[in-house]
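# Fold and contact review
Here's the letter readout for the chains.
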Amino acid sequence: MVDFTLTDAQKALREMAHDFATKEIRPVAWEYDKEGTWPEDVLRKAWEVGLMNTHVPEEYGGPGASYLDGCIIQEELSWGCSGITTSLGANGLASGPLALGGSEALKKRYLGMLTEDFKLASFCLTEPDAGSDVSGMRTTAVRKGDKYVINGSKCFITNGGYADWFTVYAKTDKEAGHRGISCFLVPRDDTVTVDKKEDKMGQRASNTTTITFNETEIPADHLIGEENKGFKLAMMTLDRTRPGVAAMATGIARAAFEFATDYSKERVQFGVPIAMHQGIQFMIADMATKVHLSRLATWNSAVLLDQGARNTLESSHAKRFAADAAMEVTTDAVQVYGGYGFIKDYPVEKLMRDAKIMQLYEGTSQIQRLVIARETLLPRRVEAPAAAAVG
Ligand code: CAA
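## Structural notes on the overall build of the chain
What the chain contains, in helices and strands, is ten helices and ten strands. Principal axes of the C-alpha set define a box for the chain whose edges measure 80 × 45 × 40 Å. The buried share of the chain, reckoned over its 391 residues, is 53%. The long-range fraction of contacts in the chain, counting pairs at least 24 apart against all pairs at least 6 apart in sequence, stands at 76%. With the model as given, the accessible surface of the chain reaches about 17400 Å², and the carbon-plus-sulfur share is 54%. Computed over 44 positive and 52 negative side-chain charges, the separation of the two mean positions in the chain equals 4 Å.

Quick look at the structure:
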């Protein structure tokens, strides 16, 4: 039976996240955007009230929230500020491969670390010459006795400047393409350097850096899963985190839609509020539809995961549609504001800048279309993994 009714517990969760976004995120979001500083105080408060690490299973000290619960939270927080939410959610992405493929000892130690104290983790996949084409990565991991030695640079790393540990993808067989990539858990030490903090168009409150591993040694048991099976771990992780990105895009779109709706009722032109003009009404109507459909696609992709089913296709549908919709809705919100929409004193230009990254990170809109086309034309047979919570 298809039922989109939230349980009382989910409604309470949504209210709690909305309350946090209203009181702790919105009032500071435009200031953090302006300065491009990292909102550690907001992150710490979110950690204290239990809005970080909701993906961590109970046996490792977390609440073990479902994927749908995670999406409900992410939409609300992103309604407050998607830049702050990106930093808040980065532990989920970094934990993905660990939850899916890590040994019990690794999970106990490193997932436990996130819930015992305010700690951060980063997901290190992208490199300067390997973005959409993951298998083109150059970072290497070489086994030396009971250690691996890692060398290479990873870019666009969320929270890279502050992370206590990293999940790092590296070539263990340079000749084997995607079948030569492994995934490692790398604790931060002096050999890990932050080379660059990006000055970004949007989501300026999130910390985005280039990280270099210089002869970084880790114990051999910090390999996550099997050697040379890291590419699939990365893909399976992204299947699980893209619904969360779609939820964030829905939150941005909803915020822009609400601002534009309110403004259209106040702004008077030609003797009436502009909401009385059909040109504006149709824009508001399209925005409302896009927010609604983004949420439905997001929830659908998350519920499949909660049911233990594979969601590659639905995850890409949701991420692609919600990201593109957020870009369209925020652009239209600026249009509803007219010239004022272009001015930083008004809220919607930030949302338009923030929306852009939704079409870029965790797989561009073009990569989502590639996945959708492949899944549609040549459906892949991949076993559904155990429903480990990630994201
Ligand atoms: N689940 C399980 N296995 C999968 C899979 C999935 N969803 N997708 C692919 N695979 C498997 C395939 O079955 C295949 O297996 P075999 O080795 O047995 O043949 C293998 O993986 C290779 O698959 P493809 O041939 O499809 O691989 P490809 O090289 O053509 O790449 C791609 C596919 C979709 C383009 C992929 O590389 C991709 O998603 N690229 C985008 C990467 C991305 O999203 N980066 C974002 C980084 S994270 C970030 O942005 C966060 C931040 O902090 C800012």
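Continuing now.
## Describing the site of the ligand
In the region of the ligand, 28 residues are neighbours, and Thr 158, His 178, Arg 179, Asp 239 and Arg 374 sit closest. With respect to the ligand, the side chain of Arg 179 contributes an N or O atom lying 2.9 Å from an oxygen atom. Take Arg 374: an N or O atom from its side chain is 2.5 Å from an oxygen atom of the ligand. Within the residue set of the shell around the ligand, elements represented by two or more residues are β3 (147-158), α6 (230-266) and α10 (365-377). Among the elements that make up the shell around the ligand, the one with the highest residue count is α6 (seven residues).

## Topic: the nonpolar core
Core analysis: the biggest nonpolar cluster contains 53 residues, and Ile 25, Leu 77, Ile 84, Leu 88 and Met 358 have the highest contact counts within it. For this core, the secondary structure elements donating two or more residues are α1 (8-35), α2 (40-49), α3 (67-80), α4 (82-101), α6, α7 (278-306), α8 (312-337) and α9 (348-358). Residue contributions to this core peak at eleven residues, all from α6. When sequence neighbours within four positions are dropped, the list of residues in contact with Ile 25 reads Phe 20, Val 42, Leu 77, Gly 80, Cys 81, Ile 84 and Leu 88. Counting residues in each nonpolar core, the second largest holds 24 residues, with Leu 93, Met 137, Ile 181 and Leu 233 among its members.

## As for a nonpolar patch on the surface
A cluster of nonpolar side chains, Tyr 340, Phe 342 and Ile 343, forms an exposed patch at the surface whose accessible area comes to about 340 Å². Mapped onto the elements of the fold, Tyr 340 is located in the loop between α8 and α9.

## Digging into α2
Buried residues of α2: Val 42, Leu 43 and Ala 46, and no others. The arc that holds every buried residue of α2, seen down its axis, measures 100°, which confines them to one face. Lining the buried residues of α2 we find α1 and α4. Positive phi shows up at Gly 50, right after α2, with a value of about 85°.

## Some remarks on a negative patch on the surface
Side chains of Asp 189, Asp 190, Glu 215 and Glu 217 sit close together on the surface and give a patch of like negative charge. Structurally, Asp 190 can be placed in the loop between β5 (181-187) and β6 (192-197).

## Quick word on the pairing of β3
Of the pairings in the sheet, the one linking strand β2 (residues 140-144) to β3 comprises five bridges and is antiparallel in character. Paired with Arg 143 across the two strands is Tyr 148, which belongs to β3. The turn linking β2 back onto β3 is made up of two residues, and Gly 145 within it adopts a positive phi angle of 65°. With nine bridges joining them, β3 and strand β7 (residues 208-219) adopt antiparallel strand pairing. Bridge pairing in β7 links Lys 154 to Ile 211.

## So, helix α5 (residues 104-116)
Spanning 13 residues, α5 covers 17 Å between terminal C-alpha atoms, matching the ideal 18 Å at 1.5 Å per step. Looking at the buried side of α5, the elements it contacts are α2, α4, β1 (121-124), β4 (165-171), β5 and β8 (223-224).

## Considering the pattern of salt bridges
What the rule picks out here adds up to 20 salt bridges. Because the salt bridges share partners, they merge into one network encompassing Glu 75, Glu 76, Arg 254, Glu 258 and Arg 295.

Reading guide: rules and limits
Residues numbered from 1 in each chain as written. Predicted model: local features only at pLDDT ≥ 70, side-chain atom pairs only at ≥ 80, totals over all residues. Heavy atoms only, no water. Helix = DSSP H or I, 4+ residues; strand = E, 2+ residues; numbered from the N terminus. Buried < 20%, exposed > 50% of the residue type's maximum accessible area, 1.4 Å probe, protein only. Contact = heavy atoms within 4.5 Å. Areas by Shrake-Rupley, 256 points an atom, 1.4 Å probe, with all protein chains shown as cover. Lys, Arg positive; Asp, Glu negative; His and termini not counted. Charge placed at Lys NZ, Arg CZ, Asp CG, Glu CD. Near = heavy atom within 4 Å. Polar contact = N/O pair within 3.5 Å; in protein donor to acceptor, adjacent residues only side chain to side chain. Core = buried A, V, L, I, M, F, W, Y, C linked by side-chain atoms within 4.5 Å. Patch = residues over 30% accessible without salt bridge, like charges linked within 9 Å, V, L, I, M, F, W, Y side chains within 5 Å. Salt bridge = Lys/Arg side-chain N within 4 Å of Asp/Glu carboxyl O. Arc of directions from axis to C-beta. Pairing = 2+ DSSP bridges. Expected span 1.5 Å × (residues − 1).

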